[in-house]
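The lines below spell out each chain.
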Amino acid sequence: MDLIVTHNNADFDGFSSLVAAKKLYPDSKLLLPGSQERAVREFLSLVKDEISIEREKTCNLNDVDRLIIVDTRHKSRIGIAARLLENPSIKIHVYDHHPRTPYDIKADKDNFKEVGATVSIIIESLRKKKNVKFTSLEATIMLLGIYEETGSLTYRTTTRLDVDTVSFLLSKGANLSAVSSYLNRKLTEEELTFLTSLIASTKVININGINIAIAQAVIKRFIGELGTIVRKLQDIENFPVLFVIFKMEKYLRVIARSRLKEVDVNKILKSFGGGGHRSAASAKIEAEGIETFEQKLKSILRSIIKMRIFARDIMNSPVKIISANKKIIEAKNILERFGLKGMPVMENGKLIGMITTSDIRKALKYGYGHASVKGYMSRSVITIKPNTPLHLIQKIMFEKGVGRLPVLKGRKLMGIVTRTDVLKSVHKDIFEKRAPLKRKLAHRLNISAKMEEILPKQILDILHTIGNSADQGHYRAFVVGGFVRDILLGVKNFDIDIVIEGDAISFGRKLAKILKGSLVVYKKFGTSTIVMQKFKIDFATARKESYEKPAALPIVKFGPLKDDLQRRDFTINAMAASLNKGSFGRLIDFFGGEKDLEHGVIKVLHDASFIDDPTRIFRAVRFEQRFGFRIDKYTQGLIKNAIQEGMFSKTQHHRIRDELILMLREEDPIKAILRMRELHELRFIHKKITIRKSTKYLFGRIKNCFEWYNKSSFRRRHIDLWLMYLMALLENLDFNDTKAICEKFGFRRSNRIRLLSCKKNAKRALKSLSVKSIRPSRIYNILEPLSFEEILFMRARTKNKLVLSRIREFFAEYNRVRIKIGGEDLKKLKIKPGPLYKKLLMEVLHKKIDGEVKTKKEELDFVKRLLR
């Protein structure tokens, strides 16, 4: 027999878990040990004919061969069922959402999840089974458990699983009215009187910025459900953290509730032998006075609740400032350009005021756009220090009605804290996208340690130099894009892109002198490039882009960093790291890029991304295959929509060409090509391109041939591997189709010549090389007019051992033969300069390749014989 048991003093989560577990174990019996909470008892009195419950007095344990424990894992809380734990032949299954402890029951099957309610875990298992039916009553009971345990989905412990389970139960006929009637029952007159006395006894203490409410009462007789009364107290007063101490005859009972992540009441009450979970816990304390317990509690709270966030942690630095003598209209332009609401006003290096959009509107209303900022700024500026804690910043903003606070160290302006910074810090869970991790990338607010680990000292020093120069010019400097992505992935990438909130051209000029590099300027785009000996650094003014029409080139306007990052292709490429001295390495991630890296997801930043720039489709595939990621479903839907809308036909062909070349330069491009085929993208290169098994094989052979050549002793020149892959991709196209592609996409002349030559000559050359009896000079004549890429492509295409041997001989021997005579020697033989020179010298080379002449004298004698 299976026996399902929950904890004594069962609440609705415990009871509903029993009912849900019964559906997992249909032949089981249900046991409620001890008493239950009043609301559960009232409910049971109505449903006992529908749900059969065993009582401890009549429950026969002798037939039990499997024990299922729900909503607890503590031996002391399961009544007489604890006796079964002593029998090693009985299988133990546990379903619970409370944090694990060293004293837990050891189970053969332990189903644990950090969710709001245990019943959600069991229903998740039920939903995986087929044909499990729920009555409206069962669904309502289970909904009662979730709503009670999660405070109707408002407690911090509530998870997506709980919310999804509520939706599922409602679809099965759960009755919300019934749930409300039991969870929001009216208090009795005696309970109301007791609640009033609790409210009067409540005192609030502040520990490192967090308000802690402590209430107390002496209980001489039964009052009612203490848990219900405590819940009502918290609801009425809206305390973020509440401890209620009840003095019983021989012991204290403490009930705690917390709505803050920083205060884990389970951890706190564990110190007193209690437990529960992070947002709700209780403890029973023997022989302890209320005052003594309070002192111990405060001591523990002070040790656990630390001030973790100060002004220096959330301030923006360096600060965008304006000189007091600047005009109002200039201030307006700066604020709009950087998306700010206000900025400090400086005079002779000293903070003298604050100018806001409100001040500017007032000045402009009366036509004073050319007046100085000094005349309209607010002179009474409230400042804070770098070590001012978050709760004091919040208090100052509320009491003084200010939205930004400059951070001063002595008289030096270090940064500024805005109300948005405070909001994001206080309610950071709202601004962070949460998801289960697929890849174990630690969440980093600062990546400087990772940068030091990966980057060479020379590049790290340059990044520090950029940050220091930015500080001196009151700029904010960031390294952005793929560089930051690869730092997080632990990949070396020396393609450095810097974004400056300010003038990137003048900044580049200044830095070029410091780094002793040459500077290239692009005024139209507000960018500059410093070319060093081994690498280059690109600088861009933070900007935003707009598109006049789909697939057009963007219109560039200068803006703040967030706008600059938002114009990028994917979330994983839209991160930045600060380079300024006070915040070096701080990760800026507005769009959840780090989380998407953890998941291995390629995701666009906005719905029109592929409409604005269809070439991003190529990049999505390229990054997906390079990193082994996946394009998320929504992004994939946007890709299909862009393809259906014919966006590639509106895109400049050379941009598609460039993306195709980048794809073919990947480590294993066939993966991206296959994915392109899956997304029906290859037709935009040419409608006749087909990918067969032989194509995949040919790509592999090309890579092997490339490696064979690079490892050989006869390696003489650089090989464009991507061009060989393109030859394979266009394998089934004829000469005219290949020529049309070259012209349409504007391939460079050298690339076009090699592609068309391959298409025209490769098959014929392979056939000629397969003839059994052939002189070395003939092999040379067949292969010498072809590029090395064509020859290696031919080697990849053939399995003929004779052809393979002859290609090797061409590289190793014939192509390295040089004759010793030249034009001057022919002049001495009184031969008139002209086309005959070339013909004669080629004849000599053929003879030397065939081994018939060796010395210079033999070469000259052969020429003389030819002339005769």
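These numbers come from a predicted model, not from an experiment.

Draft legend 1. Inspection of the overall build of the protein at higher detail. Helices and strands together make up the secondary structure of the protein, namely 37 helices and 27 strands. Taken over C-alpha atoms, the radius of gyration comes to 38 Å for the protein, far larger than the 29 Å a tight globule of 868 residues would show. On the principal axes, the C-alpha backbone points of the protein span a range of 135 × 85 × 45 Å. Split by element, the accessible area of the protein, about 43,600 Å² in all, is 50% carbon and sulfur.

Draft legend 2. View of empty space enclosed by the protein. Overall, the coordinates contain three cavities of 30 Å³ or more when judged by the stated rule. Each pocket or cavity is described by its volume, and for the largest cavity that value is around 90 Å³. A per-class count over the lining of the largest cavity returns two nonpolar, three polar and two charged.

Draft legend 3. The arrangement of the sheet that holds strand 12 (residues 322-323) in detail. Sheet architecture is open: three strands sit in the order 12-13-14, paired in mixed fashion. Each edge of the sheet is formed by a strand with only one pairing partner; in this case those strands are strand 12 and strand 14 (350-356). Alignment of strand 13 (residues 342-347) against strand 14, held across six bridges, turns out to be antiparallel. Note on strand 14: the bridge partner recorded for Gly 342 is Thr 356.

Draft legend 4. Spatial organisation of the pairing of strand 1 (residues 2-5). Judged by which residues are buried, strand 1 turns out to be covered on both faces: Asp 2 and Ile 4 on one side and Leu 3 and Val 5 on the other are all buried. Pairing of strand 1 with strand 3 (residues 66-70), which is carried by four bridges, proceeds in the parallel orientation. Residue Asp 2 lies in a different strand from strand 3, and its bridge partner there is Arg 66. Two strands pair when backbone bridges link them, and strand 1 and strand 2 (residues 28-31) are joined in this way by four bridges, in the parallel orientation.

Draft legend 5. Molecular detail of helix 27 (residues 669-678). The set of residues buried in helix 27 consists of Pro 669, Ile 670, Ala 672, Ile 673, Arg 675 and Met 676. For helix 27, the secondary structure elements touched by its buried residues are helix 24 (616-627), strand 27 (630-631), helix 25 (633-644), helix 26 (653-664), helix 28 (693-711) and helix 29 (721-729). His 680 lies just past helix 27 and shows a positive phi near 60 degrees.

Draft legend 6. Here's a closer look at the nonpolar core. Membership of the largest hydrophobic core comes to 118 residues, with the highest contact counts inside it found for Leu 463, Ile 466, Ile 498, Phe 539 and Leu 783. Of all the elements, helix 29 adds the most residues to this core, at nine residues. Each residue touching Phe 539, except ones within four places of it in the same chain, is listed here: Ile 466, Ile 498, Ile 500, Ala 504, Phe 507, Leu 511, Gly 526, Thr 527, Ser 528 and Ile 530. In terms of nonpolar packing, the next biggest core, distinct from the first, is built from 45 residues, Ala 39, Val 47, Tyr 95 and Ile 121 among them.

Draft legend 7. Focus on the packing of helix 14 (residues 390-400) against helix 15 (residues 419-426). Here helix 14 crosses helix 15 at 135 degrees, and the two axes come no closer than 11 Å. Classified by the angle between their axes, helix 14 and helix 15 sit oblique to one another. Seen along the crossing, helix 14 lies across helix 15 with a hand that is left-handed. Between helix 14 and helix 15, the contacting residues are Leu 390, Ile 393, Gln 394 and Met 397 on the first element and Arg 419, Val 422, Ser 425 and Val 426 on the second. By residue class, the composition of the contact of helix 14 with helix 15 is five nonpolar, two polar and one charged.

Draft legend 8. Representation of the packing of helix 24 against helix 27. Interhelical geometry of helix 24 versus helix 27 gives an angle of 130 degrees and a closest axis separation of 9 Å. If you check the angle between helix 24 and helix 27, you find them oblique. Note that helix 24 runs across helix 27; the crossing there is right-handed. Contacts from Phe 618, Val 621, Glu 624 and Gln 625 in helix 24 reach Lys 671, Ala 672, Arg 675 and Met 676 in helix 27.

Draft legend 9. Geometry of the pattern of salt bridges. Tallied over the full model, the rule gives 46 salt bridges. The salt bridge partner of Glu 114 is Arg 278, with a shortest N-O separation of 3.6 Å. Remark: Arg 278 occurs in the loop between strand 10 (275-277) and strand 11 (280-286) and Glu 114 occurs in the loop between strand 5 (109-112) and helix 3 (118-128); sequence separation between them is 164 residues. Judged by relative accessible area, Glu 114 falls into the exposed class, the value being 51%.

Draft legend 10. Structural context of the sheet that holds strand 4 (residues 91-96). Strand order in the open sheet formed by five strands is 2-1-3-4-5, and the pairing between neighbours is parallel. One side of each edge strand has no neighbouring strand; the edge strands of this open sheet are strand 2 and strand 5. Direction aside, the axes of adjacent strands within the sheet are offset by 15 degrees on average. Bridge count for strand 3 against strand 4 is five bridges, and the pairing is parallel. Looking across to strand 4, one finds that Ile 68 is bridged to His 93. The sheet contacts of helix 3 involve strand 3, strand 4 and strand 5, and relative to strand 4 the element is tilted by about 115 degrees.

Draft legend 11. Geometry of the pairing of strand 7 (residues 210-218). When strand 6 (residues 203-207) meets strand 7, the two strands line up antiparallel, connected through five bridges. Looking at strand 7, one finds that Lys 203 is bridged to Ile 214. Where strand 6 hands over to strand 7, the hairpin turn is made up of two residues, of which Asn 208 adopts a positive phi near 50 degrees. With seven bridges connecting them, strand 7 and strand 8 (residues 241-247) associate as parallel partners. Residue pairing in the sheet places Ala 213 in a bridge with Leu 242 of strand 8.

Draft legend 12. Representation of a positive patch on the surface within the structure. Judged by side-chain charge, Arg 716, Arg 717, Arg 816 and Arg 818 come together as a positively charged surface patch. Take Arg 717: it is sitting in the loop between helix 28 and helix 29.

Draft legend 13. Structural view of the environment of Phe 648. Relative to the helices and strands, Phe 648 resides in the loop between helix 25 and helix 26. A residue is classified by how much of its surface remains accessible, and Phe 648, at 3% relative accessible area, is buried. Measuring from C-alpha to C-alpha, the distance between Phe 648 and Ile 617 comes to 9.8 Å, with 31 residues separating the pair along the chain. Not counting residues up to four positions away in its chain, the partners in contact with Phe 648 are Pro 614, Ile 617, Phe 618, Ile 643, Ile 656 and Phe 684.

Draft legend 14. Region of interest: helix 36 (residues 835-849). Compared with an ideal rise of 1.5 Å per residue, which puts 15 residues at 21 Å, helix 36 spans 22 Å between its outermost C-alpha atoms and is within 8% of the ideal. Along helix 36, the positions that sit buried rather than exposed are Tyr 837, Leu 840, Val 844, Leu 845, His 846, Lys 848 and Ile 849. Those residues of helix 36 that are buried are in contact with helix 32 (776-783), helix 35 (823-828) and helix 37 (856-867). Taken from the residues just after helix 36, Gly 851 is the one with a positive phi, measuring 80 degrees.

Draft legend 15. Structural view of the packing of aromatic side chains. Under the defined criterion, the tally for this structure stands at 25 aromatic pairs. Ring geometry for Tyr 475 versus Phe 507: centroids 5.8 Å apart, planes at 80 degrees, classification edge-to-face. Pair noted here: Tyr 475 is in the loop between helix 18 (457-472) and strand 17 (476-480) and Phe 507 is in helix 20 (residues 504-515), with a separation of 32 residues, a long-range link. This pair shows no difference in class: Tyr 475 is buried, exactly as Phe 507 is. It is Lys 284 that lies over the ring of Tyr 251; its NZ or CZ is 4.5 Å from the centre. Positioned above the aromatic ring of Phe 623, the side-chain terminus of Arg 622 is 5.2 Å from the ring centre.

Calculation criteria
- Residues numbered from 1 in each chain as written.
- Predicted model: local features only at pLDDT ≥ 70, side-chain atom pairs only at ≥ 80, totals over all residues.
- Heavy atoms only, no water.
- Helix = DSSP H or I, 4+ residues; strand = E, 2+ residues; numbered from the N terminus.
- Rg over C-alpha atoms; globule rule 2.2 N^0.38 Å.
- Areas by Shrake-Rupley, 256 points an atom, 1.4 Å probe, with all protein chains shown as cover.
- 1 Å grid on protein atoms, 1.4 Å probe; cavity = no way out; pocket = protein on both sides within 12 Å on 5 of 7 lines; lining within 4 Å.
- Points joined across faces, edges and corners; volume = space filled by probe spheres on them.
- Nonpolar A, V, L, I, M, F, W, Y, C, P; charged D, E, K, R; others polar.
- Pairing = 2+ DSSP bridges.
- Buried < 20%, exposed > 50% of the residue type's maximum accessible area, 1.4 Å probe, protein only.
- Contact = heavy atoms within 4.5 Å.
- Core = buried A, V, L, I, M, F, W, Y, C linked by side-chain atoms within 4.5 Å.
- Axes fitted to C-alpha atoms, helices over the stretch in contact; angles between N-to-C directions.
- Parallel < 35°, antiparallel > 145°, perpendicular 65-115°, else oblique.
- Left-handed = near helix turned anticlockwise from the far one by under 90°.
- Salt bridge = Lys/Arg side-chain N within 4 Å of Asp/Glu carboxyl O.
- Patch = residues over 30% accessible without salt bridge, like charges linked within 9 Å, V, L, I, M, F, W, Y side chains within 5 Å.
- Lys, Arg positive; Asp, Glu negative; His and termini not counted.
- Charge placed at Lys NZ, Arg CZ, Asp CG, Glu CD.
- Expected span 1.5 Å × (residues − 1).
- Phe/Tyr/Trp six-rings, centres within 6.5 Å; stacked < 30°, edge-to-face > 60°.
- Lys NZ or Arg CZ within 6 Å of the ring centre and 35° of its normal.

Spatial relationships are all this shows, so hold off on functional conclusions.
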